[in-house]
Amino acid sequence: MTEPTSNPTPTESTQSQQSAEELIATLNAHEADALPKLQAELATLQAKSADLADQFLRAKAEAENARRRAEDEISKARKFAVESFAESLLPVADSLEAGLIIKDATVEQIREGAQATLRQLVAALERNKVVAINPAAGTRFDPHQHQAISMVPAEQEANTVVTVLQKGYSIADRVLRPALVTVAAPK
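Values in this document were obtained by computation on a predicted structure and should not be read as measured data.

1. A few points about the nonpolar core
Turning to step 1, where the next piece is worked out: Membership of the largest hydrophobic core is limited to 5 residues, which are Ile133, Val161, Ala179, Val181 and Val183.
Turning to step 2, where the next piece is worked out: Among the elements that take part in this core, strand 6 (residues 179-184) stands out by supplying 3 residues, more than any other.
Turning to step 3, where the next piece is worked out: In this structure Ile133 touches Gln145, His146, Lys167, Gly168, Tyr169, Ser170, Val175, Arg177 and Ala179, once residues within four positions along its chain are discounted.

Written as structure tokens, this is what we have:
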């Protein structure tokens, strides 16, 4: 058995055609309304994109300039730090030269001149934050600031400084040279 095919009646066909045309007309009208909105939104987004790209390039250039300025400042700081240190040592050099000019100086005059020059040198070092490490006898041995040359028998507590063989120096809490010391041996 075959089912009879239903052929649309002319009225149904016309209604169907009208519905399709109305749907197409509605879609066309909607597209016509949406197109200017989408074009406006696209223009806005393109403007934002261009603005963000411009801001990015400016920020990138500013970061590069800041990096370059920082490098210049570091270079100048190093240069002027050495310059300042050298400038503070000039009076010491002048004193040494003045002492060498005196031909008939007595031993006492040479000693006084050397002591005055040493005071100038110590003051110049301290102005530049170079501080002597000179532990007193009995001070606890500190491997960060002292270098033990030998252990010697002593009446004081073990692992304490007995004598300083050579002063050490630090600059801004950083050891330039540890103090060379002898340390009390355990009993």
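2. Remarks on the sheet that holds strand 3 (residues 161-166)
Turning to step 1, where the next piece is worked out: Strands sit in the order 2-6-3 across an open sheet of 3 strands; the sheet is mixed. Edge positions in the open sheet fall to strand 2 (146-152) and strand 3, since each of these has one partner strand only. When strand polarity is set aside, the average angle formed by the axes of neighbouring strands in this sheet is 30 degrees.
Turning to step 2, where the next piece is worked out: Relative to strand 6, strand 2 runs parallel, the two being bridged by 6 bridges. Within strand 6, the residue paired with Ser150 across the bridge is Thr182.

3. Quick notes on the sheet that holds strand 4 (residues 168-171)
Turning to step 1, where the next piece is worked out: Within the open sheet, the 3 strands sit side by side as 1-4-5. Their pairing is antiparallel. The two strands at the open ends of the sheet, each matched to only one other strand, are strand 1 (130-133) and strand 5 (174-177). Put simply, the sheet's adjacent strands are angled 35 degrees from each other on average, direction ignored.
Turning to step 2, where the next piece is worked out: Where strand 1 meets strand 4, 4 bridges bridge the pair, whose relative direction is antiparallel. Paired with Val130 across the strands is Ile171, a residue of strand 4.

4. Re the pattern of salt bridges
Turning to step 1, where the next piece is worked out: Across all of its chains, the model carries 6 salt bridges by this definition.
Turning to step 2, where the next piece is worked out: Glu64 is the salt-bridge partner of Arg68, the closest N and O atoms lying 3.6 Å from each other. With Arg68 and Glu64 both in helix 1 (residues 10-101), this residue pair falls 4 residues apart, about one helical turn.
Turning to step 3, where the next piece is worked out: Judged by relative accessible area, Arg68 falls into the partly exposed class, the value being 39%.
Turning to step 4, where the next piece is worked out: The closest approach of N and O atoms between Glu157 and Arg140, which form a salt bridge, is 3.5 Å. Taken together, the residues span a long stretch of sequence, with Glu157 in the loop between strand 2 and strand 3 and Arg140 in the loop between strand 1 and strand 2 at a distance of 17 residues.

5. Notes on unusual backbone geometry
Turning to step 1, where the next piece is worked out: Positive phi is not limited to glycine here, since Asn159 has a value of about 60 degrees.
Turning to step 2, where the next piece is worked out: By the secondary structure assignment, Asn159 is in the loop between strand 2 and strand 3.
Turning to step 3, where the next piece is worked out: Overall, Asn159 belongs to the partly exposed group, its relative accessible area being 36%.
Turning to step 4, where the next piece is worked out: A positive phi angle is found at Asp173, which is not glycine, with a value near 65 degrees.
Turning to step 5, where the next piece is worked out: Relative to the elements of secondary structure, Asp173 occurs in the loop between strand 4 and strand 5.
Turning to step 6, where the next piece is worked out: Look at Asp173 and you get exposed, because its relative accessible area is 82%.

6. Details of the layout of surface pockets
Turning to step 1, where the next piece is worked out: Considered as a void within the structure, the largest pocket measures approximately 240 Å³ in volume.
Turning to step 2, where the next piece is worked out: Taken together, Ser95, Leu96, Ala98, Gly99, Leu100, Ile102, Ala105, Gln109, Ile110, Gly113, Ala114 and Thr117 form the lining of the largest pocket.
Turning to step 3, where the next piece is worked out: Secondary structure elements with two or more residues in the lining of the largest pocket: helix 1 and helix 2 (107-127).
Turning to step 4, where the next piece is worked out: Considered class by class, the residues forming the lining of the largest pocket number 7 nonpolar, 5 polar and no charged.

7. A few points about the side chain of Thr182
Turning to step 1, where the next piece is worked out: In this structure, Thr182 sits in strand 6.
Turning to step 2, where the next piece is worked out: Judged by relative accessible area, Thr182 falls into the buried class, the value being 8%.
Turning to step 3, where the next piece is worked out: One polar contact links Thr182 to Thr163, side chain to side chain, over a distance of 2.6 Å.
Turning to step 4, where the next piece is worked out: Beyond its immediate stretch of four places on either side in the chain, Thr182 contacts Ser150, Val152, Thr160, Val161, Val162, Thr163 and Leu165.

Rules used in this analysis
- Residues numbered from 1 in each chain as written.
- Predicted model: local features only at pLDDT ≥ 70, side-chain atom pairs only at ≥ 80, totals over all residues.
- Heavy atoms only, no water.
- Core = buried A, V, L, I, M, F, W, Y, C linked by side-chain atoms within 4.5 Å.
- Buried < 20%, exposed > 50% of the residue type's maximum accessible area, 1.4 Å probe, protein only.
- Helix = DSSP H or I, 4+ residues; strand = E, 2+ residues; numbered from the N terminus.
- Contact = heavy atoms within 4.5 Å.
- Pairing = 2+ DSSP bridges.
- Axes fitted to C-alpha atoms, helices over the stretch in contact; angles between N-to-C directions.
- Salt bridge = Lys/Arg side-chain N within 4 Å of Asp/Glu carboxyl O.
- 1 Å grid on protein atoms, 1.4 Å probe; cavity = no way out; pocket = protein on both sides within 12 Å on 5 of 7 lines; lining within 4 Å.
- Points joined across faces, edges and corners; volume = space filled by probe spheres on them.
- Nonpolar A, V, L, I, M, F, W, Y, C, P; charged D, E, K, R; others polar.
- Polar contact = N/O pair within 3.5 Å; in protein donor to acceptor, adjacent residues only side chain to side chain.

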